[in-house]
Amino acid sequence: MKDGYLVRLCLVTMISVLMVMSSQAADHDTTLAHTEAEHTVHSQFGALFASVTEQLANRQQMYIDNPVAYYDFLMATVVASWDSSSTSRALVGKQYYEGFTDAQRAVLVDSVDQTLIRYAFEGLESYGGQVFKVDDVVVNEQKGMGWVQVLMESPILPDINLDLVIKRNLNNQWHAVDVRVKGITYVKIKKYKYREIIEEQGFDALIDNLTTKNTNYFGAVCAQAVNTEQKGRAPC
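Residues numbered from 1 in each chain as written. Predicted model: local features only at pLDDT ≥ 70, side-chain atom pairs only at ≥ 80, totals over all residues. Heavy atoms only, no water.

(A) Summary view of the packing of helix α4 (residues 84-92) against helix α7 (residues 186-201). Interaxial distance between α4 and α7 falls to 7 Å at its minimum, and their mutual angle equals 60 degrees. Contact residues: α4 offers Thr87, Ala90, Leu91 and Val92, while α7 offers Tyr186, Val187, Lys190, Lys191, Tyr194, Arg195 and Ile198. Broken down by class, the residue content of the contact of α4 with α7 amounts to seven nonpolar, one polar and three charged. (Axes fitted to C-alpha atoms, helices over the stretch in contact; angles between N-to-C directions. Helix = DSSP H or I, 4+ residues; strand = E, 2+ residues; numbered from the N terminus. Contact = heavy atoms within 4.5 Å. Nonpolar A, V, L, I, M, F, W, Y, C, P; charged D, E, K, R; others polar.)

If you want it as structure tokens, here you go:
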């Protein structure tokens, strides 16, 4: 199995059912706060990935047949749980991101959201009974960063550890920003292409590239939808 496929499969899992994570750390002893934060994140993600396994195992075919329902579900979860602005900034680099206008940043973040949703659709058909369990959690309270190590148990492949990179926002909430498999992150895989397009062709070319890929993919998915009445509703 290729590392890129693993990242995509992990993305489908994370994006599908992630909920906003809140840190409960207190302002007193730093060591105690750090331990409490890790305990809170571990506890919440443990319940989360039990739900992930149930969701994909029991609703996979329904979502394949009904892309609008899957899209609606992803929109209701990914926007609230994934810090796409941080992911977008990491993909294009700080210099480019801060040089964009507010309108350009908004368009970029939306395009990244739609791209992650496309990955979730692509990975849905590849799901094959994997079970996801939280194996470890590390939180750095001072830096506001951390990761959740997830064990992916597969019925046909060796077990694999996946890392969900998390970041605390100004509201003291933990959001996903990246996925790491075997030391390779989604951002690391994609950032060079993003930056190359911006450098050689400009911002509009990057957005056009992402929009074309997403539009073409969703068009093909919706053409095979069981319910033809879904046309006219995102992503159809």
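(B) Molecular detail of the nonpolar core. By size, the foremost hydrophobic cluster in this structure holds 54 residues, and its most contacted members are Phe45, Leu108, Phe132 and Val148. When residues of this core are assigned to their parent elements, the largest contribution, nine residues, is made by helix α6 (residues 102-124). If we ignore the near neighbours within four places in the chain, the residues touching Val148 are Val41, Phe45, Val134, Asp136, Val137, Leu162, Asp163, Leu164 and Ile166. (Core = buried A, V, L, I, M, F, W, Y, C linked by side-chain atoms within 4.5 Å. Buried < 20%, exposed > 50% of the residue type's maximum accessible area, 1.4 Å probe, protein only.)

(C) Up close: α4. For α4, the full list of buried residues reads Ser84, Ser86, Thr87, Ser88, Leu91 and Val92. Taken together, the buried residues of α4 touch α5 (94-99), α6, β4 (160-168), β5 (173-181), α7 and α8 (203-223). In the stretch just after α4, Gly93 is the one whose phi turns positive, near 95 degrees.

(D) Fine view of the confidence of the model for the protein. Averaged over every residue, the pLDDT of the protein is 83; the share at 70 or more is 84%. Taking the mean pLDDT of every element in the protein, the minimum, 31, falls on strand β1 (residues 21-22) and the maximum, 97, on α5. This model gives residues 16-33 a pLDDT under 50, and the stretch forms 46 contacts once residues within four places in sequence are excluded. (pLDDT = per-residue confidence, 0-100.)

(E) View of unusual backbone geometry. At the junction of Ala234 and Pro235, the peptide bond is cis and its omega measures out at 5 degrees in the coordinates. On the secondary structure map, Pro235 appears in the segment after α8. Look at Lys182: it is not a glycine, yet its phi comes out positive at around 55 degrees. Within the secondary structure, Lys182 sits in the loop between β5 and β6 (184-185). Note on Lys182: relative accessible area 57%, which makes it exposed.

(F) Spatial organisation of the pattern of salt bridges. Applying the stated criterion across every chain yields a total of eight salt bridges. Here Arg89 and Glu98 are joined by a salt bridge, their closest N and O atoms 3.4 Å apart. Its relative accessible area of 32% is what places Arg89 among the partly exposed residues. Its relative accessible area of 47% is what places Glu98 among the partly exposed residues. The closest approach of N and O atoms between Asp163 and Arg180, which form a salt bridge, is 2.9 Å. One end of the pair, Asp163, is in strand β4; the other, Arg180, is in strand β5, with 17 residues separating them in the sequence. For Asp163, a relative accessible area of 11% puts it in the buried group. (Salt bridge = Lys/Arg side-chain N within 4 Å of Asp/Glu carboxyl O.)

(G) Molecular detail of the state of the cysteines. A complete count under the given rule lists one disulfide for this structure. Across a sulfur-sulfur distance of 2.0 Å, Cys222 and Cys236 are joined as a disulfide pair. Residues Cys222 and Cys236 share a disulfide whose torsion about the S-S bond is about -85 degrees; that sign makes it left-handed. Placement of Cys222 in helix α8 and of Cys236 in the segment after α8 is noted, with a sequence separation of 14 residues between them. Under the relative-accessibility criterion, Cys236 is labelled partly exposed at 28%. (Disulfide = S-S within 2.5 Å.)

(H) Region of interest: the environment of Gln60. Within the secondary structure, Gln60 is located in helix α2 (residues 30-65). For Gln60, a relative accessible area of 18% puts it in the buried group. Taking the C-alpha atoms as reference points, Gln60 and Glu125, 65 residues apart in sequence, are found 7.6 Å from one another. Here Gln60 is in contact with Gln55, Leu124, Glu125 and Tyr127, once residues within four sequence places are set aside.

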